[in-house]
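Descriptive analysis of the structure
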Amino acid sequence: MQAIYAYKQAVGSDYLLALDQISEDFAPDLNSMEVQDRKLLEGRKQIATLLFKEWRETQQFETEESDKETIDAVNRAIVYYQNLLKKDYTYYGNQMLSAVERIYDHYLGTLQILQVLVSLIEEEEEKKEKRFTAATGPDVQRFLQNRVVQHLLQSKSYQQHIIRRNISWGSDISEIKAVYKNILKQDEAFLAYLALPQPTLEEDLEVVKHIFKNIIFKEKNLQSLFEEQDLNWVENKSIVKSLVNKTIKIFGEEAQEDVQLLDLSANWEDDKTFFEDLYFQTVKEEGRYEAMIAESVKNWDVERVAMLDKIILKMALCEMHIFRSIPVKVTINEYIEISKLYSTPKSKQFVNGVLDKMAQELILKGEIRKSGRGLIDNK
């Protein structure tokens, strides 16, 4: 949805850029030795602009009453505009997939905070030894012996993923240092854990869960940093948090060898194909879906329908048409939920009513056909 919304915004910008090109074609040549007829140039620019707008709405324009120079300018603007659209069409589709895959990098980066904390503690202890400083306060080395932390950081799966995807906190490590010094080292639950003479595996697990839940996923400066790294962090946080929690639980189980990190989804390749098909087909068939929506909301000016609502409706129609194994009711319910999260307060009822009506009509016409295990009555 966000990719399609971004593409729609780009379409508007591309249109303005094409109009700018027409303006440039008829701008007076200040370097010319000949006298420029500014009124004639302005008149041709206005005609070319009107013809281009006509083409954008109908995919054709009248040429009989226009001179060759004006027609050539319109044709150049059309080619320029179409090239921009093709570029943006591909760009935002690729950006969508990259954004989804970056969620996995955030998952790995969040896990890597444990590695950073271990390094900070080791560095701190090494400095104490060099200064021959007597041990005072809680024994932070207790955390270095945490079996869950050791199990995770020493696993081949974790190490390979970190290297392959080049995960590193780089200069942002200063934020983690501040959290360790000012928050973690003063945290009551963490101090209580360090005071344990011989922590159980369960206690090892609980302190790691506490660090992620109550510090890493809540500390304001870290959250601000995550938001800088990911513009969609508000939406993606719950996914990363879920992946991290499940991972910690898996690595907290005793006698587990060769444990693998979680994948972004059960079958990323299938999900990737789904994302691609839904984005590219929704944009490709936008004109068709726009007409279908206009027909379905005859008593409502389609131009007044919120842009996000129209995008949601078009995506739902696309999903109904091309994904034969997804029941219609599942599609409708999913897009109602999306409208509740991202669109206007009244969008839920509007999307529900329009999709329900359109789905029934399309099923009766035979334009939506579902097949697959568990699908009954084409629903």
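Heads up: the structure comes first, above all this text.
For the structure given in this document, a descriptive report is provided here. Computed from a predicted model, the values in this text were never measured in an experiment.

As a further point, take the overall build of the protein chain. Each helix and strand in the protein chain was counted, giving 16 helices and zero strands. Radius of gyration (C-alpha) of the protein chain: 29 Å, far over the 21 Å computed for a compact globule of 379 residues. The principal-axis extent of the C-alpha atoms belonging to the protein chain is close to 95 × 70 × 35 Å. Relative to its full complement of 379 residues, the protein chain shows a buried share of 41%.

Generally speaking, a soluble globular protein has its nonpolar side chains buried in company with each other. Grouped together as the largest cluster of nonpolar side chains are 53 residues, with contacts concentrated most on F52, Y81 and L355. Listing elements by their share of this core, those giving two or more residues are helix 1 (2-25), helix 2 (38-58), helix 3 (68-130), helix 12 (268-284), helix 13 (286-296), helix 14 (307-322), helix 15 (328-342) and helix 16 (347-365). Top contributing element to this core by residue count: helix 3, with nine residues. Setting aside residues up to four positions removed in sequence, L355 forms contacts with L313, A316, M320, I332 and Y335. Counting 50 residues, the second-largest nonpolar core is a separate cluster that includes L152, W169, L243 and F251.

Mapped onto the fold, G43 is located in helix 2. Judged by relative accessible area, which is 27%, G43 ranks as partly exposed. Each C-alpha atom, one on G43 and one on L278, is 44 Å from the other, the two residues being 235 residues apart in sequence.

For the structure shown, the criterion picks out 16 salt bridges. For the salt bridge of D105 with R165, the shortest nitrogen-to-oxygen distance reads 2.5 Å. Here the residue D105 occupies a position in helix 3, and R165 occupies one in the loop between helix 6 (156-164) and helix 7 (173-182), the gap between them amounting to 60 residues. Assessed through its relative accessible area of 24%, D105 is described here as partly exposed. Classification of R165 as partly exposed rests on a relative accessible area of 33%.

Our next topic: the packing of aromatic side chains. Inspection of the entire model under this criterion finds 17 aromatic pairs. Ring geometry for F212 against F217: centres 6.4 Å apart, planes inclined by 40 degrees, an arrangement best described as tilted. Accessibility classification places F212 together with F217 in one group, the buried group. For the pair F226 and W233, a centre-to-centre distance of 4.9 Å together with 55 degrees between the ring planes defines the contact as tilted. W233 shares its class with F226; the two are buried. Taken together through their ring pairs, the aromatic side chains of Y7, Y89, Y279 and F280 make up a single cluster. In this structure, R56 is placed above the aromatic ring of Y15, and the distance from its NZ or CZ to the ring centre is 4.0 Å.

Residues lying three or four places apart along an α-helix face the same way, a consequence of the helix completing one turn every 3.6 residues. Listing the buried residues of helix 6 in full gives S157, Y158, H161 and I162. One face of helix 6 carries all of its buried residues, which in axial projection span an arc of 125 degrees. Turned more than 90 degrees away from the buried face of helix 6, the exposed residues are K156, I163 and R164. Looking one or two residues beyond helix 6, the residue adopting positive phi is N166, at roughly 55 degrees.

Where helix 3 contacts helix 7, the two axes come as close as 10 Å, and the packing angle between them is 65 degrees. Relative to helix 7, the element helix 3 is oriented roughly perpendicular. Judged by the twist between their axes, the crossing of helix 3 over helix 7 is right-handed. Counting all contacts with helix 3, which are made through I113, V116, L117, L120, I121 and E124, the residues of helix 7 involved are I173, I176, K177 and Y180. Classifying every residue of the contact of helix 3 with helix 7 by side-chain character gives eight nonpolar, no polar and two charged.

Turning next to a negative patch on the surface. A surface patch of negative charge is lined by E54, E57, E62, E64 and E65. The residue E65 is located in the loop between helix 2 and helix 3 in this model. With a relative accessible area of 80%, E65 lands in the exposed category.

Turning our eyes to something else, we now look at unusual backbone geometry. Glycine aside, residues mostly have negative phi, and peptide bonds are mostly found in the trans state. Here Q59, not a glycine, exhibits a phi torsion of approximately 70 degrees, which is positive. Mapping Q59 onto the fold places it in the loop between helix 2 and helix 3. The phi angle at N166 is positive, at roughly 55 degrees, despite the residue not being glycine. For N166, the position within the fold is in the loop between helix 6 and helix 7. Taking the relative accessible area as the measure of exposure, N166 reaches 67% and is therefore exposed.

About the cut-offs
Residues numbered from 1 in each chain as written. Predicted model: local features only at pLDDT ≥ 70, side-chain atom pairs only at ≥ 80, totals over all residues. Heavy atoms only, no water. Helix = DSSP H or I, 4+ residues; strand = E, 2+ residues; numbered from the N terminus. Rg over C-alpha atoms; globule rule 2.2 N^0.38 Å. Buried < 20%, exposed > 50% of the residue type's maximum accessible area, 1.4 Å probe, protein only. Core = buried A, V, L, I, M, F, W, Y, C linked by side-chain atoms within 4.5 Å. Contact = heavy atoms within 4.5 Å. Salt bridge = Lys/Arg side-chain N within 4 Å of Asp/Glu carboxyl O. Phe/Tyr/Trp six-rings, centres within 6.5 Å; stacked < 30°, edge-to-face > 60°. Lys NZ or Arg CZ within 6 Å of the ring centre and 35° of its normal. Arc of directions from axis to C-beta. Axes fitted to C-alpha atoms, helices over the stretch in contact; angles between N-to-C directions. Parallel < 35°, antiparallel > 145°, perpendicular 65-115°, else oblique. Left-handed = near helix turned anticlockwise from the far one by under 90°. Nonpolar A, V, L, I, M, F, W, Y, C, P; charged D, E, K, R; others polar. Patch = residues over 30% accessible without salt bridge, like charges linked within 9 Å, V, L, I, M, F, W, Y side chains within 5 Å. Areas by Shrake-Rupley, 256 points an atom, 1.4 Å probe, with all protein chains shown as cover. Lys, Arg positive; Asp, Glu negative; His and termini not counted. Charge placed at Lys NZ, Arg CZ, Asp CG, Glu CD.

As far as function goes, none of this settles anything; it's purely spatial.
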